[in-house]
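# A closer look at the structure
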Amino acid sequence: MLNAERHKLIMDLLKRKGTVKLKNLIEVSDSSESTIRRDLAELENLGVLRRVHGGAILSQARTIEMSMLEKSVRNVREKKQIARLAASTVVDGDCIYLDAGSTTFEMIDFLVGRDITVVTNGLMHVEELVNLDLNAYILGGKMKAKTKAIIGGIALDNIMNYRFDKSFIGANGIHMVDGYTTPDMEEALLKRRSMELSDETFIVADNSKLHHSHFAKMFDLEAAVLITNSINEEEKLSLMKKTSVMEVLD
């Protein structure tokens, strides 16, 4: 396989998954470890990816955010697995907050039939909640078209009317130093407020968000339990020094 073909293969995988493992690249490209390491170094020099332990992640501008539609078609299988595990922590009688994210949206199907109350700032979420006959409230405020989220000062005031047993929140970045981050400061403030109003907070995010850091900090790793899909043992041990990790078992 030519250099250009390997580079395209690597970037195509990264654009679909957000993260790739070195051993997988070696297998799919039928190349040596030294060749793939050299490819990753070349692509990192071009600024299109960042090398991390055991692989690479897609480089992202700190303030650029994908739309809800773009998010909803990435890592679908992983998001459903995480959503199922997150929903298993909910018990009858709970009042929960569902953040306006693609993984929290996947939780809704797994909550059908539960005797719970849901509050959300997700425009897509509330329609699904109503269609499935779940007891639900939606926050008032500014509607953000790109992420289908309700944000802003009115939403921050509105959420103060509630108290939650559990909050389920999405994150664009999970970083050992920077904590949980997202590109939009208004969304970050609402996510932080929901955490403060909850007895327990869970971050629901697939492993492509690891090592990324975005513009607006939501809160530290210690403030929430992380629910994610498979991560390598070294990463898991590092995270568990700061927080609890619930991992989907394949």
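The text that follows walks through the structure, step by step, so that each part is easy to find. (Residues numbered from 1 in each chain as written. Predicted model: local features only at pLDDT ≥ 70, side-chain atom pairs only at ≥ 80, totals over all residues. Heavy atoms only, no water.)

### Thoughts on the overall build of the chain
As a reminder of what qualifies: Secondary structure elements are taken from DSSP: a helix is a run of H or I of four residues or more, a strand is a run of E of two residues or more, and numbering for both begins at the N terminus. For every residue, the accessible area (1.4 Å probe, protein chains only) is compared with the maximum for its type, and the residue is labelled buried under 20%, exposed over 50%, or partly exposed between those bounds. For the purpose of counting charges, residues Lys and Arg are taken to be positive, whereas Asp and Glu are taken to be negative. His and the chain ends are not included. The atoms used to mark charge sites are NZ of Lys, CZ of Arg, CG of Asp and CD of Glu.
On a plain count of helices and strands, the chain comes out with ten helices and 15 strands. Summarising its shape, the C-alpha atoms of the chain cover approximately 60 × 35 × 35 Å along the three principal directions. In the chain, which comprises 250 residues, the proportion classed as buried is 52%. The average position of the 33 basic charges and that of the 37 acidic charges among the side chains of the chain differ by 5 Å.

### Observations concerning the environment of Lys148
Position of Lys148 among the secondary structure elements: in the loop between β7 (142-144) and β8 (149-151). Judged by relative accessible area, which is 35%, Lys148 ranks as partly exposed. The spacing of Lys148 and Leu239 is 91 residues in sequence and 30 Å in space, taken between C-alpha atoms.

### Describing the nonpolar core
Threshold: Nonpolar core, defined: a set of buried Ala, Val, Leu, Ile, Met, Phe, Trp, Tyr and Cys residues in which side-chain atoms within 4.5 Å join the residues together. Should any heavy atoms of two residues lie within 4.5 Å, those residues are counted as being in contact.
Grouped together as the largest cluster of nonpolar side chains are 20 residues, with contacts concentrated most on Ile96, Leu98, Met107, Leu111, Ile116 and Phe168. Looking at this core, the elements with two or more residues in it are α5 (76-87), β4 (95-98), β12 (198-204) and β14 (225-228). Top contributing element to this core by residue count: α5, with four residues. If sequence neighbours within four positions are ignored, Ile96 has contacts with Val90, Leu111, Ile116, Thr117, Val118, Val119, Phe164, Lys166 and Phe168.

### Here we look at the packing of helix α1 (residues 3-17) against helix α2 (residues 22-29)
To keep it simple, the criterion reads: To get an axis, fit a line to the C-alpha atoms, keeping to the stretch in contact for a helix; angles then go from 0 to 180 degrees between the N-to-C directions. Roughly parallel refers to an angle under 35 degrees, roughly antiparallel to one over 145, roughly perpendicular to one between 65 and 115, and oblique to any angle outside these ranges. The sense of a crossing depends on the near helix, which, turned anticlockwise from the far helix by less than a right angle, makes the crossing left-handed and, turned clockwise, makes it right-handed. Just so you know the grouping, Ala, Val, Leu, Ile, Met, Phe, Trp, Tyr, Cys and Pro go in nonpolar, Asp, Glu, Lys and Arg go in charged, and all remaining residues, Gly too, go in polar.
Running from N to C, α1 and α2 point in directions that differ by 130°, and their axes come no closer than 11 Å. One way to sum up the angle between α1 and α2 is to call them oblique. Here the hand of the crossing between α1 and α2 comes out right-handed. Of the residues in α2, those in contact with Leu9, Ile10 and Leu13 of α1 are Leu25, Val28 and Ser29. Grouping the constituent residues of the contact of α1 with α2 by class yields five nonpolar, one polar and no charged.

### What about the packing of aromatic side chains?
What counts is decided by this rule: Pairing of aromatic side chains requires ring centres within 6.5 Å, counting the rings of Phe and Tyr and the six-membered ring of Trp. Pairs whose planes differ by under 30 degrees are stacked, by over 60 edge-to-face, and all others tilted.
Inspection of every chain in the model, using the stated rule, returns five aromatic pairs. Look at Tyr180 and Phe219: their rings are 5.7 Å apart centre to centre, the planes differ by 70°, and that puts the pair in the edge-to-face class. Taken together, the residues span a long stretch of sequence, with Tyr180 in strand β11 (residues 179-182) and Phe219 in strand β13 (residues 216-219) at a distance of 39 residues. The burial state of Tyr180 is the same as that of Phe219; both residues are buried. Clustering of aromatic rings is evident, with ring pairs tying together Tyr97, Tyr137, Tyr162 and Phe164.

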